Amino acid sequence: LYCALLERGPASYPDILKHLSAEQVQRILDYDAWQKDDLVPQQALNWLRLFRDISTEQAYRRLRDLDEEYQIGIISPFVRVFDNDAYEAMSDEEQDCLYRLPNDALFYCVLSEDKEVHENIVGLIEAVLAHDINYAMSLLCHSAYLPPLESAHLLGQFRKARMEEDGFISHEASMICFAEIDVEK
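Residues numbered from 1 in each chain as written. Predicted model: local features only at pLDDT ≥ 70, side-chain atom pairs only at ≥ 80, totals over all residues. Heavy atoms only, no water.

(A) Structural detail: the environment of A22. Mapped onto the secondary structure, A22 falls in helix 3 (residues 22-32). Spatially, the C-alpha atoms of A22 and R62 are 6.8 Å apart, while their sequence positions differ by 40 residues. In this structure A22 touches R62 and D65, once residues within four positions along its chain are discounted. (Helix = DSSP H or I, 4+ residues; strand = E, 2+ residues; numbered from the N terminus. Contact = heavy atoms within 4.5 Å.)

Right, dumping it as structure tokens:
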């Protein structure tokens, strides 16, 4: 299914995308949102954008159905959260860069200069806010306050186990078996 979606591009198949199971979406991210053994959150955000193009409910549900480590690993590199006191202490220019959560409970900023990543993060958070404010606040707080890369490291362990179930080995293990070719030699 993954290969078939990539053949013409997953955006060409919105009817198939909305009928994927949570496990299928997770496996697609396992295959496509990683470079070597490192999570590439931008690629995962691109997949979630495809679901957001179908509906905000699809984006919310697909994010919510992922492992907690995926949820946080995708958002955490790009988000910082501020409470009302921190917001009040900022200059007007800094305040203008923040996004408000309902009732001014929290404020968040997106830490990416990449326009596409910025739009994907804001769109995803807005989709989540439209369906579950408590979950959105929890996701933002966990993403902003957990130690950097902790979720991605734990997720890497889970992904490695799932990939081994499918018969694939990690990039690190493959380098032991298949050494890179030294072009100069």
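(B) Structural view of the pairing of strand 3 (residues 79-82). By the alternation rule, side chains of strand 3 split into V79 and V81, which are all buried, and R80 and F82, of which none is buried. Bridging between strand 3 and strand 5 (residues 107-110) involves four bridges; their strand directions are antiparallel. When the bridges of strand 5 are listed, V79 appears paired with V110. (Buried < 20%, exposed > 50% of the residue type's maximum accessible area, 1.4 Å probe, protein only. Pairing = 2+ DSSP bridges.)

(C) Highlighting the confidence of the model for the chain. Looking at the chain, pLDDT values average 90 and 99% of them are 70 or higher. Summarising per-element confidence for the chain, the mean pLDDT is lowest in helix 12 (residues 171-177) (77) and highest in helix 5 (residues 56-65) (96). (pLDDT = per-residue confidence, 0-100.)

(D) Looking closely at the side chain of S151. With respect to the helices and strands, S151 occurs in helix 11 (residues 150-165). If we ignore the near neighbours within four places in the chain, the residues touching S151 are E69, I72, G73 and L146.

(E) Representation of the pattern of salt bridges in the model. Following the criterion strictly, the structure yields 10 salt bridges and no others. Here E165 and R27 are joined by a salt bridge, their closest N and O atoms 3.5 Å apart. Of this pair, E165 sits in helix 11 while R27 is found in helix 3, placing the two residues 138 residues apart along the sequence. With a relative accessible area of 15%, R27 lands in the buried category. Note that R61 is salt-bridged to E57, the shortest N-O span being 3.7 Å. In this pair, R61 and E57 both sit in helix 5, four residues apart, roughly one turn of the helix. Of the residues examined, R61 reaches a relative accessible area of 28% and is grouped as partly exposed. For E57, a relative accessible area of 34% gives the class partly exposed. If you follow the salt bridges from partner to partner, you end up with R27, E165 and D166 in one network. (Salt bridge = Lys/Arg side-chain N within 4 Å of Asp/Glu carboxyl O.)

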